[in-house]
There are 2 protein chains.
Amino acid sequence: MENQVTAHEVAKLAGVSQSSVSRVFTKGASVSKETRKKVLEAADQLGYRPNEYARSLITRRSSLVGLVMKGVSNPYYPHAVKKFTAELKKKGYSVLLIDTDDVELQMQDIDALLSYHVAGVVIMDATASFQTAEMLKRFRIPAVLFNRVVPGSGLHSVSCENEEAAREIARLLIGRGCESFTYVGGREGASTHIERLKGFTEELKKHGFGCQVLPGDFTYAAGYRNGAELIESGRLTDAVFAVTDLMAYGIYDAFRDRGIRVPEQVKLVGFDDIEMSSWSPYNLSTYVHPVDRMVALSIELLLDPVRSLEDGEVHYLPGEMILRGTT
Amino acid sequence: MENQVTAHEVAKLAGVSQSSVSRVFTKGASVSKETRKKVLEAADQLGYRPNEYARSLITRRSSLVGLVMKGVSNPYYPHAVKKFTAELKKKGYSVLLIDTDDVELQMQDIDALLSYHVAGVVIMDATASFQTAEMLKRFRIPAVLFNRVVPGSGLHSVSCENEEAAREIARLLIGRGCESFTYVGGREGASTHIERLKGFTEELKKHGFGCQVLPGDFTYAAGYRNGAELIESGRLTDAVFAVTDLMAYGIYDAFRDRGIRVPEQVKLVGFDDIEMSSWSPYNLSTYVHPVDRMVALSIELLLDPVRSLEDGEVHYLPGEMILRGTT
DNA sequence: CTGAAAGCGCTTACAG
DNA sequence: CTGAAAGCGCTTACAG
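Residues numbered from 1 in each chain as written. Chains lettered and ligands numbered in written order. Predicted model: local features only at pLDDT ≥ 70, side-chain atom pairs only at ≥ 80, totals over all residues. Heavy atoms only, no water.

Observations concerning the UniProt feature "domain: HTH lacI-type" (unreviewed entry) in chain A
The feature "domain: HTH lacI-type" (unreviewed entry), as given by UniProt, occupies residues 5-59 of chain A in the numbering adopted here. Note that residues 5-59 of chain A is 67% helix and 0% strand, and that its end C-alpha atoms are spaced 20 Å apart. (UniProt positions renumbered as here; feature names shortened; annotations may be inferred. Helix = DSSP H or I, 4+ residues; strand = E, 2+ residues; numbered from the N terminus.)

Let's talk about the nonpolar core
In this structure, Phe200 of chain A together with Phe200 of chain B are the most contacted members of the largest nonpolar core, which totals 140 residues. Leave out the neighbours within four places in its chain, and Phe200 of chain B touches Ala166, Arg167, Ile169, Ala170, Leu173, Phe181, Thr182, Tyr183, Cys211 and Phe241 of chain B. Ranked by size, the runner-up nonpolar core spans 44 residues in total, among them Leu113, Leu114 and Ala133 of chain A together with Leu96 of chain B. (Core = buried A, V, L, I, M, F, W, Y, C linked by side-chain atoms within 4.5 Å. Buried < 20%, exposed > 50% of the residue type's maximum accessible area, 1.4 Å probe, protein only. Contact = heavy atoms within 4.5 Å.)

Some details on the protein's contact with DNA strand C
DNA strand C sits among 28 residues. The nearest are Ser22 of chain A together with Arg23, Ser30, Thr35 and Arg60 of chain B. Each atom of DNA strand C within 4 Å of the protein was assigned to sugar, phosphate or base; sugar and phosphate come to 59%. One of the side-chain N or O atoms of Arg23 of chain A is found 3.0 Å from a base nitrogen in DNA strand C. Note that a phosphate oxygen of DNA strand C is positioned 2.6 Å from one of the side-chain N or O atoms of Ser20 of chain B. Contributions of two or more residues to the surface near DNA strand C are made by helix H2 (18-24) and helix H4 (52-59) of chain A together with helix H2 (18-24) and helix H4 (52-59) of chain B. When the residues that make up the surface near DNA strand C are grouped by side-chain class, the tally is 10 nonpolar, 13 polar and five charged. (Near = heavy atom within 4 Å. Polar contact = N/O pair within 3.5 Å; in protein donor to acceptor, adjacent residues only side chain to side chain. Nonpolar A, V, L, I, M, F, W, Y, C, P; charged D, E, K, R; others polar.)

Let's talk about the protein's contact with DNA strand D
In the neighbourhood of DNA strand D, 29 residues make up the surrounding shell, with Ser30, Thr35, Ile58 and Arg60 of chain A together with Ser22 of chain B lying closest. Separating a base nitrogen of DNA strand D from a side-chain N or O atom of Ser19 of chain A is a distance of 3.0 Å. Side-chain polar atom of Ser20 of chain A to a phosphate oxygen of DNA strand D: 2.6 Å apart, as the coordinates give it. The set of elements that each furnish at least two residues to the surface near DNA strand D consists of H2 and H4 of chain A together with H2 and H4 of chain B.

Some points on the pattern of salt bridges
Residues and elements named next belong to chain A. One pass over the structure, following the stated rule, counts 43 salt bridges over all chains. When the shortest N-O distance is used, the salt bridge between Arg167 and Glu163 registers 3.0 Å. Of this pair, Arg167 and Glu163 both sit in helix H8 (residues 162-175), four residues apart, which is roughly one turn of that helix. In this structure Arg167 comes out as buried when scored by relative accessible area, which is 14%. Overall, Glu163 belongs to the partly exposed group, its relative accessible area being 26%. The structure contains a network of salt bridges with shared partners spanning Glu163, Glu164, Arg167, Arg171, Lys198, Glu202, Glu203 and Lys206. (Salt bridge = Lys/Arg side-chain N within 4 Å of Asp/Glu carboxyl O.)

Remarks on the sheet that holds strand E7 (residues 212-214) of chain B
Residue and element names in this part refer to chain B. Read from one edge of the open sheet, four strands run E7-E6-E8-E9, paired in parallel fashion. Looking at which strands have only one partner, the edges of the open sheet turn out to be E7 and strand E9 (267-269). Averaged over all pairs of adjacent strands, the angle between strand axes in this sheet comes to 15°, irrespective of strand direction. Pairing geometry for strand E6 (residues 181-184) and E7, over three bridges, is parallel. Bridge pairing links Thr182 to Gln212 in E7. Contacts between helix H9 (residues 191-206) and the sheet are confined to E6, E7 and strand E8 (239-242), with E6 contributing the most and set at about 170° to the helix. In this fold helix H10 (residues 220-232) packs onto E6, E7 and E8, with an angle of close to 140° to the strand it touches most, E7. (Pairing = 2+ DSSP bridges. Axes fitted to C-alpha atoms, helices over the stretch in contact; angles between N-to-C directions.)

Structure (structure tokens):
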């Protein structure tokens, strides 16, 4: 950074004032064609780039958006991350990556977000605590929960239409002739889990069916464990709906390892449509999120000067059922 | 950012100078116990955080490290990303995430890296071009290629000991009695592919064996295609070594779908030991990278004031063979 | 140990 | 359209 080319040096080479150099790199500022040309040439020659620190400092606006993720968890997220960085890049923002270890944002992470006074933060796969929400609100940092809803947090949420999707899955399974059902869930408290459970069991009840509910934590291992128990306890049902594809794989493998055949003996449905669901050992029927639209809406909420700081809007976007070989 | 609390306000509340406030938040600066206490209390009350833009501007040092990744590709990378963010956080750095669409860094990405004059950049899963390398060198931005080597680029590289690992895999397969071999590769030009191919074929040759080499691109789909062709063309060998686990899964599934049994009819080995390799449909024998040590060394190289800007060091770290059910 | 002051590299009124 | 100047919020010699 010691050897950084400054606007001043560009100005000297171009024979204009430093202000003019700045104007060339500030969109919306008026510069004559000739000045622009001279500046651009000098800048190119010297390899000039406006210093973003100075820029953010003086404009009091950050070009950084915080992306909070839980690192290695569901392969569903990398897709969304990619989409976010691409869309934000188009709008001139860069991404500050926060990789939390735990379910909650760490103090150190919050500090980073605040020190850079990020333009906004996207929280993925983390059950943001009220404390985090309060912190963000106190510092007036717009935030949106992606694929999560935390009622009462006042944060914006953009999710898939979980409840309705789960109802659709229930109807699908009933239509396939299933009469007994199991729901294998995710981490308690996670809205995706709660909403899918609600939609699934309610729709089943509407048709006169009950539902066995098994606890989980969104991992393959928990899926496997549940699948194994289902068999070994003799409580296997006609159909199993797993809160995520990842858990569905575990369940499927536990079934396969025990000689239970899908879909002949049991129908299986997941949620997310991550890449592996189309691989031949699984070929899983599942429900796909409208990720592109979810990302676009998240960014819209985050960057809107008015809505971004208003009370949390909760959006549920419809996805689509993907029928494959497990139903 | 309009409503940001400044050191000046903290100073006023604490009844000290703004300099003293700054010193409290600058490690290594000397402040009396009493002053520190007053400042900390005032800062806490106001929710003060040093503005990182002002700090970076005046110190001419960035607390940002660029992490370049190719988004949704091999699940091997999210692990490394998590490790990087965690280790960098410990050292006081935050991560600027660059998600490239292509194999090469885009101009816009480079610009972001330069505008923030990042302290360093880690390039993962991207075959950095010479142009990129030149750019980084011109601006004196330390860079390390993670899991890749680009000879002649002058960039630091930290990789797994690919060649020796591939030799070990060859010996393992020979030891299992295999007499004919196939190598399914990755994207042409990728050092991981080149090195693993070299080690594997050379070691086989040393023992008097040849090797059929199939082209790939690191994807599951290419693995599947190759696996299918192997069977359909009647050129199946006793053993198959895939450049990555991801490709090995595709190969395995193509075999499975065609009734070929692993490891009875063909032995299969992958590379990376990503999560799915321990799942029961695969239970894949593979080779695991020493990710923790690779990350630690990368950061060491990046942040060392001397080595960071010297000519590229190329490091190969030994990993470990993981024997599972496919061999 | 502490305060006053200079200055990092920008943007943006303010005049002209 | 353009330049001189103020100022964003910090760190860090420099005195004391």
